[in-house]
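Here are the chains, one letter per residue:
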Amino acid sequence: MRIYNLLKILLFSLIFINACANYKLQLAIQQCEKLDIQDEIETCYFNIIKEVQKPDFCNKIKDSFWKDVCYFENSIKKNDSLICNNIQNQTIKNSCYYNLSILKNDYSICSKISNQDQKDLCYNDIGILKLNSNSCDKINDQNLKEDCYRNVGIKINDISVCDKIQTPYVGDLCYKEVSIAKLDFTSCSKILNQNIKNSCYLIISQIRQNPSTCNTTQNQEGKDLCYFNSALSKTVAYLCDKIQNQDTKDLCYADAGNKGDNISICENIQKQAYKNLCYSNIGLRGKDINLCNDILNQDGKDFCYAQIGILNQNISICNKVLNQIQKDRCYNIVGVKTDSAATCNLMQTQSQKDVCYRELAKSTKDIAICYNIQRLEEKDLCFYAVAEKNQN
């Protein structure tokens, strides 16, 4: 009996508390209705709506706009799209359905939206956010539908979603992105546009470094580039021979020879400029002047001697350079690096000789070297540079 009485008291208390809360809210609504200033009215109703926990209480609000806002807020709080049905304003109702469809990941709610553009956006956003191509199926606008398919297909790497796209160009882009993500050559074959297809094969071959796939590219330029990149990545010269364009083939051999330190590869090169480059690069890395001797072009040979002379800090190698500008450059750099005024004096061009003395005086902090300079302005610069260097 005692328990029964306690339950009665508890039930009565709950009813009383609820009645008090409702009465309090009712008084608050009446207070809002008495206000004249719009900002105060909005603030008043907004504070009430935050307190409302039951959607049926929204009906007590006389102002139609705030009544709709009350239903909207309650539908979000309770995650219940049925509450949206009570809203009279169509824009607020559509927004209510849209938000609930996203929250519940339920594209069927989008169908309740009256505006077709908003309905399509609802299907599109759920499709992309939730990676659900079934939602894309419902879109009325063809361009938006295909964009939805493309976004979903690429994100989930699913070629079957790309298959739904009717516009060839958009479908090709979808196939390409998914093929690259999956490193799947077979999917590239679905692409209709030849340039996009070639690009698909080429990018995958570069990533996979698989030259056997280069033949799948029908465009010869793309095929050559595929072999070129494969040769560089694998440092194998035999792939260069498969290239049709002679300039590309020569560059391929030059790079392969350089990376492999193999001078015999340089001899496959037809164009003398690329052959010189190949010999020069290998010679520079090994600091071997003998490789410079194989360069037929004199300018290339001079450049090779000068660079190796600088690397070895050896003026006897600089002496082999015939071009005076290249030779003076070699003397200049070697002279400064070896702190040798005598090396600067070997230079034939007076302006370059003066620069060599100035740089040498600066590096050694020896102002006496400046007196070797002939040009007055260069000499003054030398004095200033040495003085500044000594202060630091």
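Since the structure is predicted, the reported quantities are computational estimates derived from the model, not experimental observations.

Here's the deal with the overall build of the chain
Right, so step 1: Of the regular secondary structure elements, the chain holds 21 helices and zero strands.
Right, so step 2: Split into buried and exposed, the 392 residues of the chain put 40% on the buried side.
Right, so step 3: Pairs at least 24 residues apart make up 28% of the contacts formed inside the chain by residues separated by at least 6 positions.
Right, so step 4: Surface accessibility of the chain: about 21,400 Å² in total, with carbon and sulfur atoms responsible for 50%.

Section: the confidence of the model for the chain
Right, so step 1: The predicted model of the chain has a mean per-residue pLDDT of 81, with 82% of residues at 70 or higher.
Right, so step 2: For the chain, the element scoring lowest by mean pLDDT is helix 1 (residues 2–33), at 49; helix 6 (residues 133–137) scores highest, at 94.
Right, so step 3: Within the model, pLDDT remains below 50 along residues 1–21, and this stretch shows one contact once partners closer than five positions in the same chain are excluded.

Some details on the packing of aromatic side chains
Right, so step 1: One pass over the full model with this rule turns up three aromatic pairs.
Right, so step 2: Ring plane angle 65° and centroid distance 6.5 Å describe the contact between Tyr107 and Tyr123, whose orientation is recorded as edge-to-face. Here Tyr123 lies in helix 5 (residues 116–129) and Tyr107 lies in the loop between helix 4 (90–104) and helix 5, a separation of 16 residues in the sequence.
Right, so step 3: Exposure remark for Tyr123: the relative accessible area of 7% places this residue in the buried category.

Points about the packing of helix 7 (residues 142–156) against helix 9 (residues 168–182)
Right, so step 1: Axis separation between helix 7 and helix 9 bottoms out at 9 Å; the angle between their running directions is 10°. Our classification of the angle between helix 7 and helix 9 gives roughly parallel. Taken together, the residues of helix 9 that come into contact with helix 7 (itself represented by Glu146, Arg150, Gly153 and Ile154) are Val170, Leu173, Cys174, Glu177 and Val178.
Right, so step 2: In the contact of helix 7 with helix 9, the residues fall into five nonpolar, one polar and three charged.

Topic: the state of the cysteines
Right, so step 1: Per the counting criterion, the structure on display carries 11 disulfides.
Right, so step 2: The disulfide partner of Cys318 is Cys330, and the S-S distance across this bridge is 1.9 Å. Looking down the S-S bond of the Cys318 and Cys330 bridge, the torsion is -60°, so its handedness is left-handed. On the criterion of sequence distance, the pair formed by Cys318 in helix 17 (residues 315–318) and Cys330 in helix 18 (residues 324–337) is long-range, its members being 12 residues apart.
Right, so step 3: We classify Cys318 as buried; its relative accessible area is 0%.
Right, so step 4: The class of Cys330 is buried, set by a relative accessible area of 0%.

Criteria and cut-off values
- Residues numbered from 1 in each chain as written.
- Predicted model: local features only at pLDDT ≥ 70, side-chain atom pairs only at ≥ 80, totals over all residues.
- Heavy atoms only, no water.
- Helix = DSSP H or I, 4+ residues; strand = E, 2+ residues; numbered from the N terminus.
- Buried < 20%, exposed > 50% of the residue type's maximum accessible area, 1.4 Å probe, protein only.
- Contact = heavy atoms within 4.5 Å.
- Areas by Shrake-Rupley, 256 points an atom, 1.4 Å probe, with all protein chains shown as cover.
- pLDDT = per-residue confidence, 0-100.
- Phe/Tyr/Trp six-rings, centres within 6.5 Å; stacked < 30°, edge-to-face > 60°.
- Axes fitted to C-alpha atoms, helices over the stretch in contact; angles between N-to-C directions.
- Parallel < 35°, antiparallel > 145°, perpendicular 65-115°, else oblique.
- Nonpolar A, V, L, I, M, F, W, Y, C, P; charged D, E, K, R; others polar.
- Disulfide = S-S within 2.5 Å.

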